[in-house]
Structure formats: structure tokens, C-alpha cells
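Inside the fold
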Amino acid sequence: MRSVGRAGRFAFAPDTGRLHMDGAALAVFDVTPEEWKGDAATLLSRLLPGEAGRLEALITRVVSRGRSGYGAYVRLRGRDGAVRWVHTRGGIRRDAAGNVRWIIGVVRDAGTVLLRDPAPTDPGATGRADPGSPAERADTTEGNADDADGTADPDAAAVAVTEETVAALARARSVRDVLDLLRVRGGMDRLGVIGLTLGLVEAGRIHVVAEGRGAGPVPELLYTRVDEAFPMSEAVRTLSPLFVIGREEFAARYPRLWPYIASMPMTAAAYLPLIARGRVIGVIGLLYREKRRFTARERNFLVMLAGGIAQSLQSAMLIEQDHELAADLQKTMLPRVMPAVRGLRIAVRYRPARVGRDVGGDWYDAIPLPGGRLAAVVGDVQGHDTHAAAVMGQLRIVLRAYATEGHEPGAVVQRASAFLRDLDTDRFATCVYAEVDPTTGWLRMVRAGHVQPLLRRADGTWRPLPVAGSLPLGLSTDLIRPEHPVTTLELGPGESLLMYTDGLVERPGVDPEEGAEILLRAIGAPPRDEGAAGDESVPPVGSPLPAGSPRPGVVDPADPVDVEGLADRLCESGGNPIDDIALLVLHRERDVASVPARTACLRVPAGDPDALSRSRRSAREVALAAGAGTECADAVETVTGELVANALLHTSGAALLSVRVIGSGTTGRRLRIEVEDRSSAPPRRRAAGEGAISGRGLLLVDLLADDWGTDSRGDGKVVWCEFGCLPHHGAAEAA
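Being a predicted model, the structure only gives us computed values, none of them experimental.

What follows is about the overall build of the chain. For the chain, the helix and strand inventory stands at 17 helices and 28 strands. For the chain, the proportion of its 735 residues judged to be buried stands at 51%. Relative to all contacts within the chain whose residues are 6 or more apart in sequence, the contacts with residues 24 or more apart total 65%. Accessible surface for the chain amounts to roughly 33,000 Å². Of this, 53% is attributable to carbon and sulfur atoms.

On to the environment of R713. Topologically, R713 is positioned in strand 27 (residues 707-713). A relative accessible area of 9% places R713 in the buried class. For the pair R713 and G406, spaced 307 residues apart in sequence, the C-alpha to C-alpha distance is 4.1 Å. R713 has contacts with R373, E405, G406, H407, R444, E674, E676 and V718, leaving out every residue within four places of it along the chain.

With that out of the way, let us pick up the pattern of salt bridges. By the definition in use, this model includes 31 salt bridges. For R672, the salt bridge goes to E674, with nearest N and O atoms at 2.8 Å. Salt bridges here are not isolated pairs; linked through shared partners, they connect D437, R660, R670, R672, E674 and E722.

To continue, consider the environment of L649. Following the sequence through the fold, L649 ends up in helix 15 (residues 630-650). Judged by its relative accessible area of 67%, L649 falls in the exposed class. Each C-alpha atom of the pair L649 and A606 lies 8.4 Å from the other, and the pair is 43 residues apart in sequence.

What follows is about the confidence of the model for the chain. Chain-level statistics for the chain give a pLDDT mean of 76 and a share of 75% at 70 or above. Per-residue pLDDT stays below 50 along residues 113-154; that stretch engages in 87 contacts with residues further than four places along the chain or on separate chains. Across residues 730-735 the pLDDT falls below 50, and counting only partners more than four positions away or on other chains, this stretch makes three contacts in the model.

Another aspect to go through is the nonpolar core. The tendency in soluble globular proteins is for nonpolar side chains to be buried side by side. Within the largest apolar cluster, 51 residues are counted, with the highest numbers of intra-cluster contacts made by W363, L395, L443, M445 and L497. Counting residues per element, this core draws most heavily on helix 10 (residues 386-405), which supplies eight residues. Residues A628, L643, A655 and V659 belong to the second largest nonpolar core, which totals 30 residues.

Right, let's talk about helix 14 (residues 611-625) for a bit. For helix 14, built from 15 residues, the straight-helix expectation of 21 Å at 1.5 Å per residue is met to within 8% by its first-to-last C-alpha distance of 21 Å. Listed as buried for helix 14 are A611, S615, S618, A619, V622 and A623. All buried residues of helix 14 fall inside an arc of 135 degrees around its axis, so they share one side. Buried-residue contacts for helix 14 involve strand 24 (600-604), helix 15, strand 25 (655-662) and strand 26 (670-677). Phi turns positive, to about 95 degrees, at G627, one or two residues after helix 14.

What follows is about the side chain of H587. Residue position: H587 is located in strand 23 (residues 581-588). Relative accessible area serves as the criterion here: at 0%, H587 is assigned to the buried category.

With that settled, the discussion passes to the packing of helix 10 against helix 11 (residues 409-422). In contact at an axis separation of 9 Å, helix 10 and helix 11 are set at 145 degrees when each is read in the N-to-C sense. Remark: the crossing between helix 10 and helix 11 carries right-handed chirality. Listed contacts from helix 11 to V391, Q394, L395, V398, L399, Y402 and A403 of helix 10 are V412, R415, A416, F419 and L420.

Within strand 7 (residues 193-202), seven of the 10 residues are buried, which leaves it mostly tucked inside the rest of the structure. In this sheet, strand 12 (residues 279-288) lies alongside strand 7 in antiparallel orientation, the contact comprising seven bridges. When the bridges of strand 12 are listed, V193 appears paired with Y288. Inspection of the sheet shows strand 7 paired to strand 8 (residues 205-211) by six bridges, in the antiparallel sense. Along strand 8, the bridge assignment pairs T197 with E211. Where strand 7 folds back onto strand 8 in an antiparallel hairpin, the turn is made up of two residues, including A203, whose phi is positive at roughly 55 degrees.

Now for the sheet that holds strand 18 (residues 454-456). Whether parallel or antiparallel, the strands of a sheet pair through hydrogen bonds between backbone atoms. The strand order across the open sheet built from five strands is 13-23-22-18-19, with neighbouring strands paired in antiparallel fashion. Single-partner strands in this sheet number two, and they are strand 13 (344-351) and strand 19 (462-464). The mean inter-strand angle of the sheet, taken between neighbouring strand axes irrespective of direction, is 20 degrees. Of the strand pairs in this sheet, strand 18 and strand 19 are connected by three bridges, and their pairing is antiparallel. Considered in strand 19, the bridge of L454 is made with P464. Relative to the sheet, helix 13 (residues 563-573) contacts strand 13, strand 18, strand 19, strand 22 (496-500) and strand 23, its axis offset from that of strand 13 by approximately 25 degrees.

Evaluated as defined, the whole model comprises five aromatic pairs. Where F243 meets F294, the ring centres are 4.9 Å apart and the plane angle is 50 degrees; that geometry is what we call tilted. Of this pair, F243 sits in strand 10 (residues 242-245) while F294 sits in the loop between strand 12 and helix 9 (296-332); the two residues are 51 residues apart in sequence, bridging distant segments of the chain. Residue F243 is classed as buried on the basis of its relative accessible area of 0%. Classification of F294 by relative accessible area gives buried; the value is 2%. On the basis of an interplanar angle of 65 degrees and a centroid distance of 5.6 Å, the ring pair of F250 and Y254 is categorised as edge-to-face. As far as the burial class goes, F250 and Y254 line up, both buried. The residue whose ring lies beneath K291 is Y288, and the NZ or CZ to ring-centre distance is 5.3 Å.

All right, on to the packing of helix 14 against helix 15 then. What describes two packed helices is the angle between their axes and the distance between those same axes. Packing of helix 14 against helix 15 brings their axes to within 8 Å, and their N-to-C directions diverge by 145 degrees. In the crossing of helix 14 with helix 15, the sense of the turn from one axis to the other is right-handed. Contacts between helix 14 and helix 15 involve L612, S615, R616, A619, R620, A623 and L624 from the former and T630, A633, D634, V636, E637, T638, T640, G641, V644 and A645 from the latter. Partitioned by chemical class, the residues of the contact of helix 14 with helix 15 number eight nonpolar, five polar and four charged.

Calculation notes
Each chain has its residues counted from 1, following the order in which its sequence is written. Predicted model: local features are reported for residues with pLDDT of at least 70 only, side-chain atom pairs are reported and counted for 80 or more only, and whole-chain, interface and lining totals are derived from all residues. With hydrogens and water excluded, all non-hydrogen atoms of the structure serve as input to the side-chain values. Where helices and strands are cited, they refer to DSSP runs of H or I of at least four residues and of E of at least two residues respectively, numbered from the N terminus. Throughout this description, buried means an accessible area under 20% of the type-specific maximum (1.4 Å probe, protein chains only), exposed means over 50%, and partly exposed covers the range between. The contact criterion used throughout is that any non-hydrogen atoms of two residues lie within 4.5 Å. Computed with the Shrake-Rupley method and a 1.4 Å probe, the accessible areas treat only the protein chains shown as cover for residues. A pairing counts as a salt bridge when a side-chain nitrogen of Lys or Arg comes within 4 Å of a carboxyl oxygen of Asp or Glu. Confidence of the prediction at every residue is given by pLDDT, a number between 0 and 100. For the purposes of this section, nonpolar cores are sets of buried Ala, Val, Leu, Ile, Met, Phe, Trp, Tyr and Cys residues that join through side-chain atoms within 4.5 Å. Between the first and last residue of a helix there are one fewer steps than residues, each counted as 1.5 Å, and that sum is the expected span. Picture the helix axis, draw a direction to every C-beta atom, and the arc is the one those directions span. Every axis in this analysis is a line fitted to C-alpha atoms, fitted for helices over the stretch in contact. Angles between the N-to-C directions lie between 0 and 180 degrees. Less than a right angle of anticlockwise turn of the near helix away from the far helix marks a crossing as left-handed, whereas a clockwise turn marks it as right-handed. Note: two strands are recorded as paired if DSSP finds a minimum of 2 bridges between them. Between rings of Phe, Tyr and Trp, where Trp is taken as its six-membered ring, a pair exists when centres lie within 6.5 Å; planes separated by under 30 degrees are stacked, by over 60 edge-to-face, and by other angles tilted. As a reminder, the over-ring test applies to NZ of lysine and CZ of arginine, requiring each to be within 6 Å of the ring centre and within 35 degrees of the ring normal. Any residue outside Ala, Val, Leu, Ile, Met, Phe, Trp, Tyr, Cys, Pro, Asp, Glu, Lys and Arg is labelled polar, Gly included; the first ten of those are nonpolar and the last four are charged.

Here is the structure:
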């Protein structure tokens, strides 16, 4: 038994006369693959007399007028003798000279239809065509409602609306799209429709999801049982269209419903079951004004319209189900709760693609680190399928593991890249990785093939962050030679860092930089300060970081930034509907008692004779800028020299020195010195002889510093010390 709604594809080459049909298209015409020899005459023989000529005339007219496509309903007689409707829609493909090269389209089985008017004594009666009776001619369209001779067809409106609506519904991707098309673009007002109700069948009940009378669905009628005395219930029970003529008949047959529509100027109603693949999925009700009868052809096209709505609705429901499944799968692979880190506020969002059914490879993560620091990462695995999602889940876990082991940002990304290569997958990934210290705002970032992050200043203006780029993950795998440079910046009090995937800023025909500008305008962000070019420069390696300076604009000390609201606005305003989006907003809370602190970050090469003196001088400058006295600055300079010298003498390779002020408020300000090297062996204090010129370094550190120790950093270590000789903020400002 053939099912209504099956569809197949065809391609016709006019210059050769060859017609290509897939198996589903042959089934629509009730032709077996064995019978099919590529000859159009085999299909035309199935059509009722006159239908082939009418279809040919329509296509000829469409081609001569330069149209790009056509749509038509034709009738055929199957092997069992039953007359059925077939809907065909084709697109015209021309060459550069304008000659038609291909006609490519689809054919769909529209089922049997009503072919004769009901008896005058039974205005609501319906009937099926007798296979032997003469079938009434169906109309075809090419964008107008008039016949070739210019005479208006009285049923042309029904024909045009049916064709236009079915064509528009084919593009619907959600149930909401179907509803909007019916109410806004369906052209129902051209048929005299003043009320439209759509219900979905759910577990023996009809759930009204759309009601076109303006006030929305009546609460007590939002859910009704299929066995109740309502017209929609009757259409679902009988699986047949229901037509009601006259207000008196409606009031007599459905007294429970009548009080809700009695105020409307309706004179007729049609209730059509929505049947897809042999199962009723819903029902649509149409209320008409100034209508006294439904002609046979009008009923035919209403039934066909219901068939098109049913197919689009079922397809939209399946797409929504797949979309929800993909989104749920993605969310299970992302962290459910963000860590709470003092001094930072975090907001994350993931939005699946609005078009398409596949799961994506975008992700975000936030990883708490020792010392109150935080690592944040946003990335994107190539592709939109379950394989991309699986790779994403593994990469997220690996990055988290390497970060918590203590590796510096470049090593974390480098090792993740090597891991992705060892997965033996054809996918690569991009990411941006940031490590932030909320007490100082010290920000170290790595960008592997990813879009540039954005910075929101404390005054609300935005600018791109100049983070050095490198190859995507999976393409750079050398663990010995660093391939992912680390950019050191400062996240000032009241500033926010935005890390995101390209779906947020990608738009057709627009580069990512311009897409970011469009996004920021969409959320009402003030334009960035184009004159502050120096604020966007990256400090050169080997020189101290510049002291923090006030950002442009007026800063509100109340710190009113709503990071959750900001993330919502960004997610809603951005993006490419065919791509998913992941974003992370990292906001450093403003401390009104704090003052900008100078920091230093230097790479100290092993063979540079001036490196040690530069290190000592930079540490002293930071201490003096923080308000330390001469005695404290001397101690800081001495200890820095000893720690750097130990790293250069007893390990291989360069050392990384950082000097910064930690702590905030009116108490607890300390100067912290860190020296990082690539040796995992801890330093040892030695007893120096009376005439020895070395061996006293750690003794001096222990004597001069208030606290010191060693932290493991993956394949290396960090030797650190702290000085508590800095004045409170009030004292520093008074000085």
C-alpha cells in the first residue's frame, strides 16, 4: 500500500530528453525499477488524459517568461485503478547563454482527494472520488492566479495559496516557523480566513499551540481529549476533513465551543487532520467569513494544504527533537558549575547552531589553580558531528589535567596539541587559553589558531586583545621547542575578558574583526578609543611590564557590571545561525582601595652577561614603585639576584622571572618573586666553607625573605619568596 507523503527526486535534461528518477520518485508514479528505462513516456502514460499537456504547457510558459521554477498538481491512475494527486515542483537551471540545461525537482504523492460537491442537503458531507468517474481538472501555478486567456479562475486563490504555502513550509526548521508561515505568510486572509487554530496530538489529547483570534488559546481548551465533542477532536478521530456551513449548524453541533467564537463574524469552518506517514500528528481549524459553501476543488486544495502542513510539521518536530538531543549531549560534556575564585566573576554560555541537527565541537572550561589563580579556556574542534564532540570532550579533560599539573600556559597548549596528534584523527582544534591572578590582574595568554579575545574596559568601551597567535592544536607537536608563545597582559580592576568561538562573530561576507564590531554595536557597547594605540601594544620579551594606568572614561567604583546579563546579550546578539557558539566572560572585580601596582616579567637567557643585573634592577624598581623603603628594596634586589643565579648555574636553559605585588585592601600587601626553570630537582641549602665564594644563596634568601618555597610546574619548578615590608595603601599614597 502506497503511503501519502512519500517524495522522490528527478532531473530532466531537455537537450537530450533523458529523465533521471530515483526509486522514491518511481514509486510515486507506481512504476517499478524494472519497468523504468529512462523514457518519460512511461510516466506520462500514468497521468489522466489532458494532464501531460497541461503540465507541458505550464513548463513552457515558465521557461519563456524567464522564471526560475514552477509547481503543479497533476492526477494519475495507479495500478489499482485509484486516482491520486501528485505534486511536482521543479527548478530551472540555465547556462550562461540562458538556455535551459536541467530541470531538477521533486515529486510527492498527495493522496486521493474530494472530486465532487456534496449534496445540497448535507453541507458538511465529504466524499471520495470514484476511480471511474471523470475527475475535475486541477489547477497549476507559476506565480499568478489567472488562466492563459486572462479569465480569472474563481478557485485561483485557493490554488495560489496552496502552492505558495506548501513551498514556504518546505523551508520551515521548527514548529514556530510553521506557525509563523501560516499566520503571517500563508495568505489565509486571501481565502477569507479570520481564525486559525493549530493543535498537536499528544498521548490521546490535542494540545492547542496556536490560536489566531488575537487573544491566544482559551485556557480551558488548551488541552482537550480526542473523544470529546469538539470539531478538532472529531477530525482526529475520523481521520477525515470536517466542513461546517452556517453559524446555526456550528452552534448546534458543538455547543461547548460555540460561546468562545460566537462573537466572531464566522459563517463557515474547516477542520483538517494533519496526517504524516500514516499517523495523525495534529489538526488545523480554519474559520471563514462570508462563506456559504466549499466547492469540490476548494476542498481538494484544503486537503492538499493539510498534507503539506503535516509533512512540514513532522519534519520540524523531528529537527527540534534532534536539535534538543544534540544540545543536551553537548551540555553534558561541558562543565556544569564554574569554580568560585575570589576577586573574579565568571559567566559562560553555549548556544547550539540554530540551523542543522548536528552536535558541535565548541567548548569552554575554567580551572582553579594554586595560589588563588584561575585558568580559562575556550576552544573549537573542527566539524559538526559526534566525532567532533568526542574529540572536544577528550581535549577538555587533557587541558584541565595539564593545567592542574602546574605547567605554564605555553606548555599546557603544547602538550594538548601533541595529544590531539596522537589521537590519530583528521580533526584539528583551535583554542585560547588564559591564566589570571585576580590579586594582581597578571594575565598570561596563548592563542592557538583562534579568534582574538576582546577586553571590556572599566568605562564600558571595548578593544581587541593583541595575543600572539600560533598554529591550531594537532598541527604543532614539538615538546622540546616552544611553538605557542605566551603573551603577558594586565586585566585591570573592573575590566572583563571575553573569550569566544568564531560562531559569535562570523557573518556571511564579513571578516571576524568587522563581525566583532557589529556584535558590539548590537549590544549597545560604546565605540573603542581608536587613539589609544599604545594601550594595545604587547610588551617586548625581556622588558618589565608597564605600570598599570587608568583606562579612558569615568570609572564607577560600584562596579555595576552584570556578567550574566552581558553573556546573555552577547549570545543573543551574535552569530552565525549554522554554527554553535561558546563564550566565557571573565570579570576582575574592582577594589576601590587598591592602586595600580607595577610588575615585572623577564625571560633571563643563560648566556646573557647583562641578564642578572637587569633582573636585580627590575625587581628593585617594582619594590620602590610599591612604596618599599630602601632597606626593603635592597633585600629584594639581593634575593632576586641569588634566585636567578641559582637557576642559571644549576639548571639548563633560560629562567623566567616575575615580580609583582599580591594582596589588596588595607592589610596584607606583599611583594612576591618567582623564578621558574626547567629542572624538577628542588634547591638544596649547602654549608659553605670559610673561604668559599658560593653556596650561601639560599641562606641569604632564608634570612632576608619573610617566606619562601618551591612549587612544581610540570617538567620544571618555581622557586618563590615573599616580602611583607610594603606599606599599606594609605601609607603609600601619603608618601
